[in-house]
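Each chain, letter by letter, is given below.
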Amino acid sequence: MILAVLFANSEGNILVERFNGVPTEERLHWRSFLVKLGAENLKGVKNEELLVASHKSVYIVYTVLGDVSVYVVGKDEYDELALAEVIFVITSAVKDVCGKLPTERLFLDKYGRICLTLDEIIWQGYLENTDKDRIRRLVRLKPPTEF
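Numbering of residues begins from 1 in every chain and follows the order in which that chain's sequence is written. Only residues with pLDDT of at least 70 get local features here, since the model is predicted, and only at 80 or more are side-chain atom pairs given and counted; chain-wide, interface and lining totals rely on the full set of residues. Excluding hydrogens and water, the side-chain values take into account all heavy atoms of the structure.

The protein chain is annotated in an unreviewed UniProt entry as Coatomer subunit zeta from Hibiscus trionum. UniProt positions are given in the numbering used here, feature names are shortened, and annotations may be inferred rather than shown by experiment. Note on the protein chain: under the UniProt heading Subunit (unreviewed entry), the record states "Oligomeric complex that consists of at least the alpha, beta, beta', gamma, delta, epsilon and zeta subunits." Looking at the protein chain in UniProt, the text filed under Sequence similarities (unreviewed entry) is "Belongs to the adaptor complexes small subunit family."

Printed below as a string of structure tokens:
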């Protein structure tokens, strides 16, 4: 299960978060842990260079995308390899929505569409859509066409 997807700015402020199956009382712990992890390790990292960590039997894959840090946390079948696929889909979809690597300003300008896109990619903790064209059609709120 994908436990969390978080986007943070360079100062560590959370821009978007999605938790699945994480109790409310543990969310603050995860927010602070991930921001601290990023502050320590994301300095000087190239765009979309993946970093991997594990904590309490869960896996964390994180990267930088423009001015924004992206964190994906998973457990069980979502090990570091599966999470690498998830983060690839998320980062390519965000770049598609923004038209380029997002600055914090551009990310916040496109906030609504990014949230819709995230909801189409991950559903109740599981990777649902990976096809860029299908995600784009679903975000436009048009019914998907089957081949």
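Structure shown, so let's carry the discussion forward.
Let us now look at the overall build of the protein chain. Secondary structure counts use DSSP, requiring at least four H or I residues in a row for a helix and at least two E residues in a row for a strand, with both numbered from the N terminus. Within the protein chain, the secondary structure is distributed over five helices and seven strands. Written out in order from the N terminus, the α and β elements of the protein chain read β-β-α-β-β-β-α-α-α-β-β-α. As defined in this context, the radius of gyration uses C-alpha atoms, and a globule is described by 2.2 Å times the residue total to the power 0.38. Taken over C-alpha atoms, the radius of gyration comes to 15 Å for the protein chain, in line with the 15 Å a tight globule of 147 residues would show. The principal-axis extent of the C-alpha atoms belonging to the protein chain is close to 45 × 35 × 25 Å. For the exposure calls, accessible area comes from a 1.4 Å probe over protein chains only, and a residue counts as buried if that area is under 20% of its type's maximum, exposed if over 50%, partly exposed in between. Looking at the protein chain as a whole, 43% of its 147 residues qualify as buried. When checking whether two residues touch, look at their non-hydrogen atoms; a contact exists if any pair is within 4.5 Å. Sequence-distant contacts, at least 24 apart, represent 50% of the contacts inside the protein chain between residues at least 6 apart. Computed with a 1.4 Å probe, the accessible areas rest on the Shrake-Rupley method; for each residue, only the protein chains presented here act as cover. Accessible area of the protein chain: about 8000 Å², with a carbon and sulfur share of 51%. Counted as positive: Lys and Arg. Counted as negative: Asp and Glu. His and the chain ends are not counted at all. Charged groups are reduced to one reference atom each: NZ for lysine, CZ for arginine, CG for aspartic acid, CD for glutamic acid. For the protein chain, the distance from the average site of its 19 positive side-chain charges to the average site of its 22 negative ones is 6 Å.

We define a salt bridge as a side-chain nitrogen of Lys or Arg found within 4 Å of a carboxyl oxygen belonging to Asp or Glu. According to the stated counting rule, one finds six salt bridges in the structure shown. Glu-48 is paired through a salt bridge with Lys-95; the nearest N and O atoms lie 2.7 Å apart. Taken as a pair, Glu-48 in the loop between α1 (24–41) and β3 (51–55) and Lys-95 in helix α2 (residues 80–98) lie far apart in primary sequence, 47 residues in all. Given the relative accessible area of 27%, Lys-95 is considered partly exposed.

What follows concerns the packing of aromatic side chains. Any two aromatic rings considered together are summarised by their centre-to-centre distance and by the angle between their planes. Any two of the Phe, Tyr and Trp rings considered here, Trp counted by its six-membered ring, make a pair once their centres fall within 6.5 Å; the pair's planes then place it as stacked at under 30 degrees, edge-to-face at over 60, or tilted in between. Summed over the entire model, instances satisfying the criterion amount to four aromatic pairs. Pairing Tyr-62 with Tyr-71 gives two aromatic rings, centres 5.8 Å apart and planes at 20°, and the pair type is stacked. Among the residues examined, Tyr-71 registers a relative accessible area of 3% and is labelled buried. Relative to Tyr-126, the ring of Tyr-78 lies with its centre 6.2 Å away and its plane at 50°, an arrangement referred to as tilted. Taken as a pair, Tyr-78 in the loop between β5 (68–74) and α2 and Tyr-126 in strand β7 (residues 126–127) lie far apart in primary sequence, 48 residues in all.

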